[in-house]
Amino acid sequence: MKVIIVGGGKMLYFLCRLFTAKGHSVVIINREREECVRLARLLSATVVCGDGSDPRILKEAGAMGAEVALAVTPQDQDNLIICQLAALQFGVPRAVALANDPDNVEVFKKLGVEVFSTTPIIASLIEQRACLDEITNLLPVGEGRVNVTEILLEADSPVAGKTLQQIALPDNALVAVVIRSERPIVPRGSSILQGGDRLVLITMPDNHGPVLKVFTGERG
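What you see is a predicted model; the values in this text were computed from it and never measured.

## Quick word on the environment of L201
Along the chain, L201 falls in strand 11 (residues 198-203). Residues L201 and V148 lie 53 residues apart in sequence; the distance between their C-alpha atoms is 5.7 Å. Contacts of L201, omitting those with residues within four sequence positions, involve N147, V148, T149, I151, L174, V175, V211, L212 and F215.

In structure tokens form, the structure reads like this:
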């Protein structure tokens, strides 16, 4: 698969490393000549120096034959234009833009551009870690419509010693996996939760807080 990545910085560097490690062909477009030289030395990728929002530069990078175009520049307007050009003018099947400002996500979607924003993910992680030390990770999926959370069940949890069928969970919430002594268990209604268990919870944004409160008490 041929991937064009427009942008710079650490995000571009690690994205390129990830794609090349999986055997994909990567072309980088970056405006800064010095950074282009550095990237060419560090990465197994073709580097084109220029403005990725310029159709001539996209053509030089081989956009006509690319399967994916990623626009991860610091400027949302540039990312939008790059993806529109890649999709409409060069027929790239999948063009994805970074929205540095999460308020721009809906605008991008209305204009038909596939978009992602790291800000809500980072904010959610910080918020949950600040509120609950026993939460070890929180991964929003489906563009933030579903949360997958791993939580440590303390010995004094209100649900310790109870079976799953005895626990009143809000609708659209699920205990997907129980990890006990490093062994994963797919629980049933009769499964008894114990202090020290790690639970993998699937929740929705609107019930995430109430679900955590069920397992942690007033601290949720």
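The discussion continues.
## Remarks on unusual backbone geometry
Notably, S181 is not glycine yet its phi reads approximately 55°, a positive angle. The residue S181 is located in the loop between strand 9 (174-180) and strand 10 (183-185) in this model. Look at S181 and you get exposed, because its relative accessible area is 73%. Although it is not a glycine, E182 adopts a positive phi angle of roughly 70°. Summarising the element assignment, E182 is placed in the loop between strand 9 and strand 10.

## Focus on the pairing of strand 5 (residues 94-98)
Two faces make up the sheet, and in a regular strand the side chains alternate between them. Taking burial as the measure, the 5 residues of strand 5 include 4 buried ones, the bulk of the element. Note: strand 4 (residues 68-72) against strand 5, 4 bridges, orientation parallel. Residue pairing across strands places A69 opposite A95, the latter belonging to strand 5. In this fold, strand 4 hands off to helix 4 (residues 76-89), which returns the chain to strand 5; that crossover is right-handed. Here strand 5 pairs with strand 6 (residues 114-116) via 3 bridges, running parallel. Bridge assignment links L98 to a residue of strand 6, and that residue is F116. At this point the chain moves from strand 5, through helix 5 (residues 105-110), to the parallel strand 6, and the crossover so formed is right-handed.

## Some thoughts on the pairing of strand 11
Where strand 8 (residues 146-152) lies against strand 11, 6 bridges are found, and the strand directions are antiparallel. Of the residues in strand 11, the one forming a bridge with V148 is I202. Two strands pair when backbone bridges link them, and strand 9 and strand 11 are joined in this way by 5 bridges, in the antiparallel orientation. Within strand 11, the residue paired with L174 across the bridge is I202.

## Notes on the nonpolar core
Of all hydrophobic cores here, the largest spans 26 residues; its most connected members are I4 and I29. Those elements that provide at least two residues to this core are strand 1 (2-7), strand 2 (25-30), helix 3 (55-60), strand 4, helix 4, strand 5 and helix 5. For this core, the leading source of residues is helix 4, giving 5 residues. Look past the residues within four positions of I4 in its chain and what remains in contact with it is V27, I29, A61, G62, A63, A66, V68, A69 and L70. Membership of the second largest hydrophobic core comes to 16 residues, among which are I5, V26, L43 and L70.

## Some details on the sheet that holds strand 6
Ordered in space as 3-2-1-4-5-6, the 6 strands form an open sheet in which the pairing is parallel. In this open sheet, the two edge strands, each paired with only one partner strand, are strand 3 (46-49) and strand 6. Within the sheet, the average angular offset between the axes of one strand and its neighbour, ignoring direction, is 20°. Those strands touched by helix 2 (residues 33-42) are strand 2 and strand 3, and its axis lies near 175° from that of strand 3. Running at roughly 180° to strand 5, helix 4 makes contact with strand 1, strand 4 and strand 5 of the sheet.

## With respect to the pattern of salt bridges
Following the criterion strictly, the structure yields 8 salt bridges and no others. For R31, the salt bridge identified is with D51, shortest N-O distance 3.2 Å. Taken together, the residues span a long stretch of sequence, with R31 in the loop between strand 2 and helix 2 and D51 in the loop between strand 3 and helix 3 at a distance of 20 residues. Relative accessible area serves as the criterion here: at 48%, R31 is assigned to the partly exposed category. For D51, a relative accessible area of 28% puts it in the partly exposed group. Between R31 and D78 there is a salt bridge; the shortest N-O distance is 2.9 Å. Linking R31 in the loop between strand 2 and helix 2 with D78 in helix 4, this pair joins segments that are 47 residues apart in sequence. When salt bridges that share partners are traced, they join R31, D51 and D78 into one network.

Criteria and cut-off values
- Residues numbered from 1 in each chain as written.
- Predicted model: local features only at pLDDT ≥ 70, side-chain atom pairs only at ≥ 80, totals over all residues.
- Heavy atoms only, no water.
- Helix = DSSP H or I, 4+ residues; strand = E, 2+ residues; numbered from the N terminus.
- Contact = heavy atoms within 4.5 Å.
- Buried < 20%, exposed > 50% of the residue type's maximum accessible area, 1.4 Å probe, protein only.
- Pairing = 2+ DSSP bridges.
- Right-handed = clockwise from strand over helix to strand, strands pointing away.
- Core = buried A, V, L, I, M, F, W, Y, C linked by side-chain atoms within 4.5 Å.
- Axes fitted to C-alpha atoms, helices over the stretch in contact; angles between N-to-C directions.
- Salt bridge = Lys/Arg side-chain N within 4 Å of Asp/Glu carboxyl O.

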